[in-house]
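# Architecture and fold: a report
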Amino acid sequence: MPTQLKYSTTPGKDTDIVLIVQAAQPALPDDFSKEEAAYVQEQLSQEAKLISLNRYTHRIYLVATATAKTQQAGHEALRQAGYSLLKQLKADKVAQITLVDTTNTGATTYLAEGIYLSNYQFLRYKTKDAKPSPLQTIVITGTDNTDQAVQELQHVLEAVNITRDLVNEPNSHQSAEQFSAQLEELGQEAGFKTDVLDEIKIQSLKMGGLLAVNQGSEDPPTFTIMEWKPEQPVNEKPYVLVGKGVVYDTGGLSLKPTPQSMDFMKSDMAGAAAVAGVLYAIAKNKLPLHVIGLVPATDNRPGGKAFAPGDVITMHNGLTVEVLNTDAEGRLLLADALSFAQKYHPALVFDLATLTGAAARAIGKEGLVAMGNAGEEVMSGLKKTGEQVHERLVEFPLWDEYKKHIESDIADLKNLGGADAGAISAGKFLECFTNYPWVHFDIAGVAYLHGEDSYRGKMATGAGVRLIYHYLRALAQ
Ligand code: BES
Ligand code: MN
Ligand code: ZN
């Protein structure tokens, strides 16, 4: 059962509540005793961020906010406060918590978001000592909220956690076919259509990139099409989301080393999982947008039939590619999906992919790398949304000169760039398969974390879901 978000105009009697107060000028409720008020003041003067009062019938937690540099920084501080608060709520075994904002700044939403996302757990394979979180329900109050807004938030946060579940699922339980079946189930639950193309269909479509990566696998590839098409969408041409669905990346014959490399490559379908998460949230919230999700999926393995460095393959759009490293597999199957996307005459295409270690090395786990040709308006819109949801992005260039990095001696392209600018040469490769406004997001640094990072947690983060959802939602307005 996912954490429940509920809306109530006022908090009930004797329930555990959180008061969001301004540290400098706390507006404490009338029912605070003199002793309580003095204690809170004393704690605040020592710069306490989280104060708790035990009234025995219920507890009161105070989250103190300070003036932040920007509004977005203030919102992010609240999400992070949600993470600290959850630790306390768990220790106190609180099952339901009610949030009250005394600052009139819409703060409950962000605090709730931080608590909700911090409350994520992946316990599926724990047979003992599972320790499920006691917190089940978060109640948001206040006249600046509505039932509908809280519902919408719940669906988006559910989508993030669904994405995290998909990413954390190990390849032992998630072949390409199993992954597609999970996406079909999600479609049924949320109300979007799914169509899973099988190997024969993929062969007839001549998706040479996807088929080449799949050659070493014991399992067939899949190509999943998800579609949300409401009655009267505001967009005439669809928005298409493409996600890298490598359910496991060994590197293939260009084998990866195990530590801190192959050992977490069950997460190489995080782009695809994020696309599914966005479709889930859009469908659940019935946004008036026509959106299509495309997920090419396979594992990448060595083996007798595996594709090999030096091979030349022919892609879905007819271009030939010299494969110089089988570990640069993501761009091969993404390229086929991007080329397939042309048939929809899309208004805009986003692809999300754990594509290169180079992107992660360039900017770390603090942001997404983005590049494309969709133009200034789209890019600045994305950057703005990124600040709002704190999934910030850095734009990398796709200058003509980078094309040289992927010129092959014998084919139209090679799948390997030079030693430098690896995230860009991968993006430049993808660009060759697009003929529409397009942005590529390299989420290799943010999709999966090796240590706990506030409300993003440890392991899968669901990166990209809130960013893309909120960007598209604004287009629906
Ligand atoms: N899935 C990896 C990229 C990756 C690295 C994701 C680290 C998450 C964390 C991708 O398929 C890959 O192996 N890329 C190679 C490309 C290289 C061979 C050009 C890389 O980044 O090393
Ligand atoms: Mn790889
Ligand atoms: Zn990969």
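Small disclaimer: the values here were computed from a predicted structure and weren't measured. (Residues numbered from 1 in each chain as written. Chains lettered and ligands numbered in written order. Predicted model: local features only at pLDDT ≥ 70, side-chain atom pairs only at ≥ 80, totals over all residues. Heavy atoms only, no water.)

## Re the domain arrangement of the chain
- In terms of domains, the chain is made up of domain 1 (4-141) and domain 2 (155-476).
- With centres defined by C-alpha atoms, the gap from domain 1 to domain 2 works out at 36 Å.
- Across the contact, 17 residues belong to domain 1 and 19 residues belong to domain 2.
- Both faces considered, domain 1 and domain 2 share a buried interface measuring about 1800 Å² in area, 56% of it formed by carbon and sulfur atoms.
- The tally of links from domain 1 across to domain 2 stands at 3 salt bridges.
- Taken together, domain 1 and domain 2 are joined by 10 residue pairs in polar contact (both at pLDDT 80 or more).
- Broken down by secondary-structure element, the contributors of at least two residues to the side of domain 1 that touches domain 2 are α2 (71-91) and α3 (107-118). (Domains from an automatic or database assignment. Contact = heavy atoms within 4.5 Å. Buried area = accessible area lost by both parts, 1.4 Å probe. Salt bridge = Lys/Arg side-chain N within 4 Å of Asp/Glu carboxyl O. Polar contact = N/O pair within 3.5 Å; in protein donor to acceptor, adjacent residues only side chain to side chain. Helix = DSSP H or I, 4+ residues; strand = E, 2+ residues; numbered from the N terminus.)

## A few points about the coordination of the zinc ion (ligand 3)
- Note on the zinc ion (ligand 3): its protein donors are Lys244 (NZ), Asp249 (OD), Asp268 (OD) and Glu329 (OE). The metal-donor distances range over 2.0 to 2.4 Å.
- The coordination sphere of the zinc ion (ligand 3) comprises 6 donor atoms, whose angles at the metal cover 77 to 173°; the geometry is octahedral.
- When the donor residues of the zinc ion (ligand 3) are listed from N- to C-terminus, their spacing reads K-x4-D-x18-D-x60-E.
- Taken as an interatomic distance, the gap from the zinc ion (ligand 3) to the manganese ion (ligand 2) is 3.1 Å; Asp249 donates to each of them. (Donors = N, O, S within 2.8 Å, 3.2 Å for Na, K, Ca; no water. Tetrahedral: all angles 85-135°; square planar, octahedral: opposite > 155°, others 65-115°.)

## Examining the sheet that holds strand β2 (residues 17-22)
- Here 6 strands make up an open sheet; going across it, the order is β1-β6-β5-β2-β4-β3 and the pairing mixed. Of all strands in the sheet, those bounded by a partner on one side alone are β1 (4-7) and β3 (50-54). Strand-to-strand, the axes of this sheet are offset by a mean angle of 25°, without reference to chain direction.
- With 5 bridges connecting them, β3 and strand β4 (residues 59-65) associate as antiparallel partners. Each bridged residue has a counterpart across the sheet, and for Leu50 the counterpart in β4 is Val63.
- Contacting β2, β3, β4 and β5 (96-101), α2 crosses the sheet at an angle of about 155° to β4. (Pairing = 2+ DSSP bridges. Axes fitted to C-alpha atoms, helices over the stretch in contact; angles between N-to-C directions.)

## Let's talk about the site of ligand 1
- For ligand 1, the set of nearby residues contains 16 residues, the closest of which are Lys256, Asp268, Asp327, Glu329 and Gly357.
- Separating an oxygen atom of ligand 1 from a side-chain N or O atom of Lys244 is a distance of 3.1 Å.
- Within the side chain of Glu329, a nitrogen or oxygen atom sits 2.8 Å from an oxygen atom of ligand 1.
- Relative to its unbound accessible area of 520 Å², ligand 1 is 80% covered by the protein chains.
- A per-class count over the shell around ligand 1 returns 5 nonpolar, 4 polar and 7 charged. (Near = heavy atom within 4 Å. Areas by Shrake-Rupley, 256 points an atom, 1.4 Å probe, with all protein chains shown as cover. Nonpolar A, V, L, I, M, F, W, Y, C, P; charged D, E, K, R; others polar.)

## Let's talk about a negative patch on the surface
- Together, Glu177, Asp198, Glu218 and Asp219 line one region of the surface with negative charge.
- With respect to the helices and strands, the residue Asp219 is situated in the loop between α7 (208-214) and β8 (222-228).
- Its relative accessible area of 33% is what places Asp219 among the partly exposed residues. (Patch = residues over 30% accessible without salt bridge, like charges linked within 9 Å, V, L, I, M, F, W, Y side chains within 5 Å. Lys, Arg positive; Asp, Glu negative; His and termini not counted. Charge placed at Lys NZ, Arg CZ, Asp CG, Glu CD. Buried < 20%, exposed > 50% of the residue type's maximum accessible area, 1.4 Å probe, protein only.)

## Description of the coordination of the manganese ion (ligand 2)
- The manganese ion (ligand 2) binds to the protein through Asp249 (OD), Asp327 (O), Asp327 (OD) and Glu329 (OE); the donor distances cover 2.0 to 2.2 Å.
- The coordination sphere of the manganese ion (ligand 2) comprises 6 donor atoms, whose angles at the metal cover 71 to 168°; the geometry is irregular.
- Mapped onto the sequence, the donors of the manganese ion (ligand 2) take the spacing D-x77-D-x1-E.
- Judged by relative accessible area, Asp327 falls into the partly exposed class, the value being 22%.
- We classify Glu329 as buried; its relative accessible area is 1%.

## With respect to the pairing of strand β18 (residues 438-442)
- Taking burial as the measure, the 5 residues of β18 include 5 buried ones, the bulk of the element.
- By the alternation rule, side chains of β18 split into Trp438, His440 and Asp442 and Val439 and Phe441, which are all buried.
- Across 5 bridges, strand β14 (residues 348-353) lies against β18 in parallel orientation. Bridging across to β18, Phe350 finds its partner in Val439.

## Quick word on the sheet that holds strand β17 (residues 413-414)
- Taken in spatial order, the 3 strands line up as β12-β13-β17 in an open sheet, and their pairing is mixed. The sheet terminates laterally at β12 (312-314) and β17, the two strands that pair on one side only.

## Concerning the packing of aromatic side chains
- One pass over the structure, following the stated rule, counts 8 aromatic pairs.
- Ring centres of Trp399 and Tyr402 lie 5.8 Å apart, and the angle between their planes is 10°; on these two criteria the pair is classed as stacked.
- On the basis of relative accessible area, Trp399 is assigned to the exposed category, the value being 54%.
- What links up through ring pairs into an aromatic cluster is the set Phe223, Phe340 and Tyr344. (Phe/Tyr/Trp six-rings, centres within 6.5 Å; stacked < 30°, edge-to-face > 60°.)

## Concerning helix α11 (residues 376-389)
- With 14 residues, α11 extends 20 Å between its outermost C-alpha atoms, agreeing within 8% with the 20 Å of an ideal straight helix rising 1.5 Å per residue.
- Considered for burial, the residues of α11 that qualify are Val378, Met379, Leu382, Thr385, Gly386 and Val389. Looking straight down α11, one finds its buried side chains confined to an arc of 125°; they lie on one side. Summarising the geometry of α11, the exposed residues directed more than 90 degrees from the buried face are Glu376, Glu377 and Lys384.
- Buried residues in α11 make contact with α2, β14, β15 (368-372), β16 (393-395), β18 and α13 (465-475).
- Just downstream of α11, His390 is the residue with a positive phi angle, here 55°. (Expected span 1.5 Å × (residues − 1). Arc of directions from axis to C-beta.)

## Description of the side chain of Thr108
- Looking at where Thr108 falls in the secondary structure, it is placed in helix α3.
- Since its relative accessible area comes to 0%, Thr108 is described here as buried.
- Here the side chain of Thr108 touches Asn145 through a polar contact of 2.9 Å, side chain to side chain.
- For Thr108, the contacting residues outside a window of four places in its chain are Ile20, Leu99, Val100, Asp101, Ile140, Thr141 and Asn145.

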